[in-house]
Each structure stands twice: as structure tokens, then as C-alpha cells.
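Each chain is listed here by its residues.
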Amino acid sequence: MAQGFLTLTIRDYDAEAAITRLRVPTLTAANFDAQAGLRQTFLTTALAMTEVPAAAGVYYGNEQTNDMLPDDDPLSQRENKWLVQYHDAVTAEPGHFYIPCADLTLLDPNDRAHANIGDGDKVDAFVTNAEAFLETEASNAIVVDEITFVAR
Amino acid sequence: MANGFDTMTFVDFGGEVSTLRVKSAEYTAANFDAQAALRGAFESAVVNMTTISPVNAWSYGNEVPGSEGGAASPYAQREMKWQINYLDTDGKMRHFSIGCPKTSLLDPNNKKFARIGDGSTVDNFVAAVEAYILGANGGGVDVKTIELKRGGK
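Residues numbered from 1 in each chain as written. Chains lettered and ligands numbered in written order. Predicted model: local features only at pLDDT ≥ 70, side-chain atom pairs only at ≥ 80, totals over all residues.

**Student:** Which residues make up the overall build of chain A, and what are the values?
**Tutor:** For chain A, the count of helices and strands is 2 helices and 8 strands. For chain A, the α and β elements follow one another from N to C terminus as β-β-α-β-β-β-β-β-α-β. Dimensions along the principal axes, computed over C-alpha positions, put chain A at roughly 60 × 40 × 40 Å. Put simply, chain A has 152 residues, and 32% of those count as buried. Long-range contacts, defined here as pairs at least 24 residues apart, represent 51% of the contacts in chain A between residues at least 6 apart. (Helix = DSSP H or I, 4+ residues; strand = E, 2+ residues; numbered from the N terminus. Buried ≥ 20, exposed ≤ 12 C-beta atoms within 10 Å, placed from the backbone. Contact = placed C-beta atoms within 7 Å.)

What follows is the structure, encoded as C-alpha cells:
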């Protein structure tokens, strides 16, 4: 079951980080605005208890831990990664991220360094959903260019 | 302005942990359910690209970046903390900490503790904690003391 969380980071005189992480109500569409009000009041009053006038960063949302047991598939190796390279749909600035424990059955049989974009199955579904959900640092949509198998 | 984020944690065959963190649109009340659906589809698609199922842990929400510079006050030291001691719904005392305490809020008659009952900053903080923060069991918290602590990070 998902739980709400709040992380408050402040930086002291020497710019060292002090992090407070707390459990808060699970966010929903229905309580989102009410929780925003409670959160802001908490943050304001908490900072007033400190010598720091403003937060260095605030994270809030929902989280869930299923289990942290090792996977039972010996092919699950975090060193086997998909390198997902994309560009910003507006600025064309490139970016990338990694997915660990790559399923190597998804490699293109004719280009075995890459996942088979155009498989009409899992790889295409990933590309579609990544482009629908993710944003670049400039808050624009992404366009996936290639998905490369890397070992690191 | 806030940014949305999505984090997925994977534990491989050797027990090694990897984390995937990506950026998404800011969550709002208006788009929350639509974003949740997109996130769920994205996470399923990611899992399908791996040998792991289900993902071991995930989190999502908004991040609000702030100033990364150090505080102006030399009294802002993270090695000093307010330790907020609260009574949880299971009858146990638990606590959390906030760094860089403003020591002018100490009770002049009990200088190890913030002055609950000051009718001002400390009381406002206690009210906000009790209105918003949950204990380990998901219930409300009852703040008992706010103690000045030294040491740690």
C-alpha cells in the first residue's frame, strides 16, 4: 500500500545538508490541495524553528516498498543496463537514463547492441509510455532515439 | 515551481540495488489521476524491459528545488538539532529531527527544550506537526517535547 512522504532538506552555514524525512498522508487527487496547505504550514513553521530561512529542497509524494529481497533470476544483474537515449522534443537537447537488469531477449537480432525498437511488443510499449510520461529538464516531451545494451 | 519525479528501485540476483529516477510533469490535483495512470503504464513498460518483476520499491511526487547555498547565520549548524519527541498511536515514543535549531526558542527555565506553550513559533510548529505528520503506524502524532540535541549529521 502506498504511503505519503515528505523530505525537507536544509543547508547550514557551511552548506552541509540536514535532511528530515517524514511520513504524511497518502496523496490523492481528492486531498491534494488540502495536503498542500498542511504541508506548506508545516514547512513554514518548521523553518521558523531553525536558523535557516528557506529550504534547499522539498520532496513529497507517495512511495511503496514491496520487498527488498534479491531477485531469483540469475540473469537479473544490475550491471546489464539499457541506456535509453532521447532528445528534447523542442530544444533537441540530448539526455539519457539507465534501466538496470536488462532483459536481453529484447535485443534486436539484427543489431545486437540495441533493443529492437519496432518489435510491436515490449520495446515499443516502453518507448510509447516513456514519451507519454517523461519530461526533459526544460519540461518538454522526450523523443526516444535508441536503447543500447551496456554493461557497467 | 515544482517538477514531478518517479523513482523505481530494483534488487538484482546478487542483492545489489539499482535506482532509476526520471522526471515527469508536476503533479497537481487536476492531473493527479491522469499522471498516475501514465506513471503506472510507464513503470509496467520499464519492468517489461527487465528481468525483474515486480519492482522492489517505487516513489513518485513533486520536488521543489530551493537554494543550495549555505545559510547566512553562523549559528545554522546541522550538528545541532531539534529532536521532536512524540507519542505514537501504539503508545510508543518516537522522534524525528530538524537541523539548525534556533536556540532562542529554548525555554529559559528548562534550557534543554524548546518552549512549548510560547503562544508563538513553537506552538505553531507543534500544531502543524500534529495536523500533518503521521507516526509509524499511519496515525496522528502527539508532540510531547522538543529537545535540543548535539552531534550526528
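**Student:** Mind laying out the interface of chain B and chain A, listing which residues take part and the relevant values?
**Tutor:** Counting residues at the interface gives 69 residues for chain B, matched by 72 residues for chain A. Grouping the amino acids of the side of chain B that touches chain A by side-chain chemistry returns 38 nonpolar, 22 polar and 9 charged. Of the strand pairs in this sheet, strand β3 (residues 57-65) of chain A and strand β3 (residues 57-65) of chain B are connected by 9 bridges, and their pairing is antiparallel. Note on β3 of chain B: the bridge partner recorded for T65 of chain A is A57 of chain B. (Nonpolar A, V, L, I, M, F, W, Y, C, P; charged D, E, K, R; others polar. Pairing = 2+ DSSP bridges.)

**Student:** Let's hear about the pairing of strand β2 (residues 17-24) of chain A: which residues, and what values?
**Tutor:** Residues and elements named next belong to chain A. Of the strand pairs in this sheet, strand β1 (residues 3-11) and β2 are connected by 8 bridges, and their pairing is antiparallel. Residue R11 lies in a different strand from β2, and its bridge partner there is A17. Following β1, the chain reverses through 5 residues before pairing antiparallel with β2; A15 in that reversal takes a positive phi of roughly 65°.

**Student:** Any chance you could break down the environment of A128 of chain B for me, citing the residues and the numbers?
**Tutor:** Note on placement: A128 of chain B falls in helix α2 (residues 121-132). For A128 of chain B, a count of 21 C-beta atoms within 10 Å corresponds to the buried category. Look past the residues within four positions of A128 of chain B in its chain and what remains in contact with it is T41, F42 and T45 of chain A.

**Student:** Which residues make up the nonpolar core, and what are the values?
**Tutor:** Grouped together as the largest cluster of nonpolar side chains are 34 residues, with contacts concentrated most on I10 of chain A together with C100, F125 and V129 of chain B. Residue assignment for this core shows that the elements contributing at least two residues are β1, β2, α1 (32-48) and β3 of chain A together with β4 (80-87) and α2 of chain B. Take this core: its biggest share by element is 6 residues, from α2 of chain B. The residues contacting V129 of chain B, other than those within four sequence positions of it, are F42 of chain A together with I84, V141 and V143 of chain B. (Core = buried A, V, L, I, M, F, W, Y, C linked by C-beta atoms within 7 Å.)

**Student:** Talk me through the domain arrangement of chain A; I want residue IDs and the actual numbers.
**Tutor:** Segmenting chain A into domains produces domain 1 (3-63) and domain 2 (80-151). In this structure, domain 1 of chain A and domain 2 of chain A have C-alpha centres spaced 33 Å apart. (Domains from an automatic or database assignment.)

**Student:** I'd like a description of α2 of chain B, backed by residues and values.
**Tutor:** Along an α-helix, residues three or four apart share an orientation, since each turn contains 3.6 residues. Between its first and last C-alpha, α2 of chain B extends 17 Å over 12 residues, near the 16 Å set by a 1.5 Å rise per residue. Regarding α2 of chain B, the residues found buried are V122, F125, V126, A128, V129 and Y132 of chain B. Buried positions in α2 of chain B, seen along its axis, are confined to an arc of 165° and lie on one side of it. On its buried face, α2 of chain B sits against β2 and α1 of chain A together with β4, β7 (110-114) and β8 (142-150) of chain B. (Expected span 1.5 Å × (residues − 1). Arc of directions from axis to C-beta.)

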